[in-house]
Amino acid sequence: MKLDNKKIFETLNPNKVWVPVLIGIGIVFLMFYLDPNVNARTLRGVFDASAWGIALAVLVILFRDAGYVYRIREITGKRLTWIRAIYVIILWEFASAVTPSIVGGTAVAIFILHKEGIKLGKAIAFVMVTAILDNLFFVIGAPIILFFAQGNIFPASRVMEMKLGRSLEVLFWTSYALYALYSLIMALALFYRPRVFKWVLLKIYSIKWLRKWKHSANEYGNQIIEASKELVGKSWNYWLPIIGATIFIWSSRYLMLNALIGAYESLSLNEHIIIFARQVIMWIVMMISPTPGSSGTAEFFFAQFFSEFLVGYTFVTSILWRLLSYYPYLLLGAIFLPRWIKQVFFKKKESNK
């Protein structure tokens, strides 16, 4: 795999933080202007939150980040120190925050791990593992949590009904089927028959109107074979910690919003389950957003999914939710990126003199 350094650094550009920030602020101001129920008094409602609830939300998001750092160390066989793992995760989150969700930061993550001294084949394998585990959490976990939500997963919203009708349900289950199929194919390719996967891929891209991408398909097939060599034969002592960390990470990601909503309104156990389940649905909506880090899309759909639990606090909670779960990574990325570049590129050049 050839990493295009120019494109990578176009993504890892601190100046890009302004694009999602401006989009997010623009949508927030638009919602403020168009909603007659939102006013200055509504904004003062931010101070009505329980301090313990806000503290719990912050703690949960810190747990999530700690889970990411722990998982990348375990996946890489502890080749990264704790400090280097923190750098990797911050820059990975930054890349995801400044690119459309459907694109993600996969290529950037491979680049970062490679520059941290991990061989390219291993870096590809490690990033693929994280992607498969994250998808499997959704594929396996979604039906379980949706079962406990007892069918109350799709929000009853006039705006949603007018704009989407029942297409949200269709979108979710179609996306679920595609994620399940993709996860199955990639798992079989990595752990069972990587060479068969490459052969099938080349046959597909031998079709006349796909032939111009055959070279890329061949390269991708080689990457899968190389990544498979790194992963096949790993014991349960390797897999159990990272599977457990994946469950912990995604549970923390969702429970942060439960804590935040709980800071404003008392919730029953069933309501907590419904809020958790609806985040699974909303994740799909955010994943197909064309904006960087789903900026704007997330703020808009938040009200449609969770207003029934928050009544007059929906607007301020949506702002707090993004302030805690999204914008910190833009700021941290802009701070850590120049330091990382100096450490990885310039210090190495100095040491080689």
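So, a few notes on the structure that sits alongside this text. Remember, predicted model here, so these are calculated numbers, not experimental data. (Residues numbered from 1 in each chain as written. Predicted model: local features only at pLDDT ≥ 70, side-chain atom pairs only at ≥ 80, totals over all residues. Heavy atoms only, no water.)

### Side note on the pattern of salt bridges
Then, number 1: Evaluated as defined, the whole model comprises seven salt bridges.
Then, number 2: Across the salt bridge formed by E308 and R278, the nearest N and O atoms sit 2.7 Å from each other. Of this pair, E308 sits in helix 14 (residues 297–310) while R278 is found in helix 13 (residues 269–287), placing the two residues 30 residues apart along the sequence.
Then, number 3: Note on R278: relative accessible area 4%, which makes it buried.
Then, number 4: Among the charged side chains, a salt-bridge network with shared partners connects R64, D65 and E93. (Salt bridge = Lys/Arg side-chain N within 4 Å of Asp/Glu carboxyl O. Helix = DSSP H or I, 4+ residues; strand = E, 2+ residues; numbered from the N terminus. Buried < 20%, exposed > 50% of the residue type's maximum accessible area, 1.4 Å probe, protein only.)

### Quick word on the packing of aromatic side chains
Then, number 1: Per the counting criterion, the structure on display carries 21 aromatic pairs.
Then, number 2: Ring centres of Y179 and W283 lie 5.6 Å apart, and the angle between their planes is 40°; this geometry places the pair in the tilted category. Here the residue Y179 occupies a position in helix 9 (residues 167–191), and W283 occupies one in helix 13, the gap between them amounting to 104 residues.
Then, number 3: Ring centres of Y238 and W239 lie 5.0 Å apart, and the angle between their planes is 85°; on these two criteria the pair is classed as edge-to-face. Comparing Y238 with W239, the two get one shared label, buried. (Phe/Tyr/Trp six-rings, centres within 6.5 Å; stacked < 30°, edge-to-face > 60°.)

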